[in-house]
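# Coordinate analysis (summary)
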Amino acid sequence: DAQESRGLGDVYKRQDKSFTFIIKTPPATTLIKKAIKLEKGSSNALKTKVGKITREQLEEIAKTKMKDMNAANVDAAVRTLAGSARSMGVTVEGL
């Protein structure tokens, strides 16, 4: 069986020419930008902050992405997403 990954899903091809297509959730950074209505992240995340996100918003994103993340629980997923948000120049509140 061969596997290809393109964008938001994986395609598994079998030798009998059948296939399975698995759709994944959008990237975390896309969901973070959408949650705080941000067009793009900071070009220098340490110096230039571009927005704020709350723990509650991160929890909603974590629940959406949980099946695609390798986090043990929602709290671990929130911490992972908080790191992604910080790397974009977004301040995380309530964490």
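Structure shown above.
## Comments concerning the side chain of Lys 65
Within the secondary structure, Lys 65 is located in helix 2 (residues 55–65). Buried and unpaired, Lys 65 has no salt bridge, with Asp 68 as the nearest side chain of opposite charge at 4.7 Å. In contact with Lys 65, other than residues within four places in its own chain, are Thr 25, Pro 26, Pro 27, Ala 28 and Leu 31.

## Things to note about helix 1 (residues 28–35)
Every buried residue of helix 1 is listed here: Ala 28, Leu 31 and Ile 32. Around the axis of helix 1, the buried residues are gathered within 100 degrees of arc, so they sit on the same side. For helix 1, the elements touching its buried residues are strand 4 (51–54), helix 2 and helix 3 (74–87). Just past helix 1, the residue Lys 37 takes up positive phi, approximately 55 degrees.

## Side note on unusual backbone geometry
Its identity is not glycine, yet Lys 17 carries a phi of approximately 70 degrees, on the positive side. Among the secondary structure elements, Lys 17 is positioned in the loop between strand 2 (9–13) and strand 3 (19–23). Classification of Lys 17 by relative accessible area gives exposed; the value is 77%. For Lys 37, which is not glycine, the phi torsion reads 55 degrees and is therefore positive. Topologically, Lys 37 is positioned in the loop between helix 1 and strand 4. For Lys 37, a relative accessible area of 76% puts it in the exposed group.

The rules behind the values
Residues numbered from 1 in each chain as written. Predicted model: local features only at pLDDT ≥ 70, side-chain atom pairs only at ≥ 80, totals over all residues. Heavy atoms only, no water. Helix = DSSP H or I, 4+ residues; strand = E, 2+ residues; numbered from the N terminus. Buried < 20%, exposed > 50% of the residue type's maximum accessible area, 1.4 Å probe, protein only. Lys, Arg positive; Asp, Glu negative; His and termini not counted. Salt bridge = Lys/Arg side-chain N within 4 Å of Asp/Glu carboxyl O. Contact = heavy atoms within 4.5 Å. Arc of directions from axis to C-beta.

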